[in-house]
Amino acid sequence: MSSSSQHIAILGGGIIGLSSAYYLLQRGHRVTVLERGVPAHDSCALGSAGMICPSHFIPLAAPGMVALGLKWMLNPESPFYIKPRLNLDLMKWGWHFMRAANAKHVAAASIALRDLSLLSRKLYLGLEADLGDIGLMKRGMLMLCQTPHALEEESATAAKARELGIPAESLTAAQVAALDPHIAMQVHGGVYFPQDCHLNPTALMAALTRRIQEMGGEIRYGFDLKKIATQNSQVTGVTGPSGEIRADQYVLCGGTWSPELARGLKLSLPMQAGKGYSLSLPHPPAVAEICSILVEARVAVTPMAGGMRFGGTMEITNPNSTINPRRIAGIVKSATRYFPQFKASDFEGIQPWSGLRPCSPDGLPYLGRSGHYPNLTIATGHAMLGLSLAPATGQIIADLLSGASPEALSPMFRPDRFL
Ligand SMILES: Cc1cc2nc3c(=O)[nH]c(=O)nc-3n(C[C@H](O)[C@H](O)[C@H](O)COP(=O)(O)OP(=O)(O)OC[C@H]3O[C@@H](n4cnc5c(N)ncnc54)[C@H](O)[C@@H]3O)c2cc1C
């Protein structure tokens with residue numbers, strides 16, 4: 001350990017916490033990850049679609065999303081839904097969301113997200129070399145469209161992507177079929193993003209955990225953090241069931257529960273849980289080579305561990321893990337509409353998984369040092385891109401805490417931007 005090495009407590013052991021731990025250990029710091037669950041149990045990344053997607057440079061808060069959200073609220077099988085509640089946090093979040101859903105914000109956010117995404121994609125190649133098999137497939141991603149209107153919109157996004165230096169290609173139905181002949185697709189056409197990748201999140205989380213422990217990092221499971229103590233603008237310790245942990249620096253990465261964890265500190269991290277579901281078929285009737293998004297249905301489809309995973313729905317809600325069968329039915333219907341080899345009966349008996357995406361209102365992560373507590377750094381709010389952006393986030397945290405200047409850290413990610 002170098003003389004500048006510090007003891008760093010990581011609050012939350014999801015993919016963001018583990019990535020931060022990994023890069024901090026590489027810099028020679030002593031790291032303790034505090035996680036209330038059992039290994040990877042509560043992690044939102046586990047049941048995710050496993051996509052690494054520089055193609056996703058448009059944040060959730062974009063023009064048209066408010067109208068779409070209101071329209072979809074009337075459809076119980078819709079992929080986007082805001083659960084109406086008389087709740088001050090939701091109202092504040094909604095207010096910030098509406099303010100951010102404009103062309104100027106999207107243009108600036110796209111550049112910030114692109115830089116973070118491209119850095120992450122590069123770092124994933126290094127992670128694969130160090131961690132071994134994480135199921136990383138560098139085959140690109142297809143946005144599959146069933147209507148000419150959707151293809152037109154996606155082609156416009158593809159043009160923006162190319163302007164940002166992200167390769168993207170509009171394809172006819174025949175070209176889509178030729179690109180992935182392993183699965184029959186009922187589509188009008190699609191857009192292909194060749195730089196996107198997919199991986200197996202379970203393999204990634206397991207390999208990262210193993211590597212962190214090999215590097216001397218400690219992961220304390222069952223540590224349900226109850227209190228963050230402060231004195232004179234410094235975090236002095238965190239308390240859980242096994243007592244107090246004191247460290248030099250603290251990294252808050254509690255996912256959707258981050259604001260709850262930070263309660264009592266002078267932080268304003270507007271956050272809502274974006275609940276999503278996934279269904280993993282171990283023996284599907286066909287296995288795609290390339291991951292895809294069913295554009296009209298907003299369903300993500302990933303070949304994984306010899307099977308196929310279908311993930312979707314963004315239910316803005318309070319944190320809970322209940323499964324809404326109507327939305328699961330929506331995912332199944334969409335899958336069978338786009339992939340004619342699949343029947344609803346293929347999904348019978350498949351246990352749906354639910355996870356909570358940590359959603360900031362402007363669609364950007366909270367990333368950087370807290371303005372109030374110099375020894376507290378925040379890394380959360382990655383919404384539907386947490387897996388994609390995890391290595392870049394981890395490297396940025398390690399840079400910040402090691403006195404290096406971080407690559408791809410935009411001022412738009414400032415954690416106190418809503419104060
Ligand atoms: C259906 C679905 C599909 C997705 N697909 C993709 C995809 O293809 N690509 C992509 O990039 N992203 C995807 N995502 C999003 C991605 O999974 C999340 O953005 C990411 O997992 C968030 O990681 P995190 O570490 O910030 O949060 P979490 O995984 O929620 O981790 C936070 C951790 O903090 C712990 N914690 C909270 N409170 C406490 C406490 N008091 N004490 C101790 N520990 C605590 C929790 O137990 C948890 O383990 C998807 C999400 C869903 C739901």
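This report concerns the structure included in the present document.

How each quantity is defined
- Residues numbered from 1 in each chain as written.
- Predicted model: local features only at pLDDT ≥ 70, side-chain atom pairs only at ≥ 80, totals over all residues.
- Heavy atoms only, no water.
- Axes fitted to C-alpha atoms, helices over the stretch in contact; angles between N-to-C directions.
- Helix = DSSP H or I, 4+ residues; strand = E, 2+ residues; numbered from the N terminus.
- Parallel < 35°, antiparallel > 145°, perpendicular 65-115°, else oblique.
- Left-handed = near helix turned anticlockwise from the far one by under 90°.
- Contact = heavy atoms within 4.5 Å.
- Nonpolar A, V, L, I, M, F, W, Y, C, P; charged D, E, K, R; others polar.
- Buried < 20%, exposed > 50% of the residue type's maximum accessible area, 1.4 Å probe, protein only.
- Salt bridge = Lys/Arg side-chain N within 4 Å of Asp/Glu carboxyl O.

### Side note on the packing of helix H1 (residues 15-26) against helix H10 (residues 386-402)
Remark: H1 packs on H10, axes separated minimally by 7 Å, with the N-to-C direction vectors making an angle of 40°. By the criterion of interaxial angle, the relationship of H1 to H10 is oblique. The crossing of H1 and H10 is right-handed. On H10, the residues touching Ile15, Ile16, Ser19, Ser20, Tyr23 and Leu24 of H1 are Gly386, Leu387, Ala390, Pro391, Thr393, Gly394, Gln395, Ile397, Ala398 and Leu401. Partitioned by chemical class, the residues of the contact of H1 with H10 number 10 nonpolar, six polar and no charged.

### Notes on the environment of Asp362
The topology assignment puts Asp362 in the loop between strand S18 (353-359) and strand S19 (366-369). For Asp362, a relative accessible area of 6% puts it in the buried group. For the pair Asp362 and Ala109, spaced 253 residues apart in sequence, the C-alpha separation works out to 8.8 Å. Look past the residues within four positions of Asp362 in its chain and what remains in contact with it is Pro59, Ala61, Ala100, His105, Arg417 and Phe418.

### Here we look at the pattern of salt bridges
Taken as a whole and assessed by the stated rule, the structure comprises 13 salt bridges. Close ionic contact of Asp115 with Arg114 constitutes a salt bridge, the shortest N to O distance being 2.9 Å. On the basis of relative accessible area, Asp115 is assigned to the partly exposed category, the value being 32%. Between Arg211 and Glu214 there is a salt bridge whose closest N-O contact spans 3.3 Å. Taken as a pair, Arg211 and Glu214 lie in helix H7 (residues 201-214) at a separation of three residues, close to a single helical turn. Taking the relative accessible area as the measure of exposure, Arg211 reaches 22% and is therefore partly exposed. Among the charged side chains, a salt-bridge network with shared partners connects Asp130, Arg211 and Glu214.

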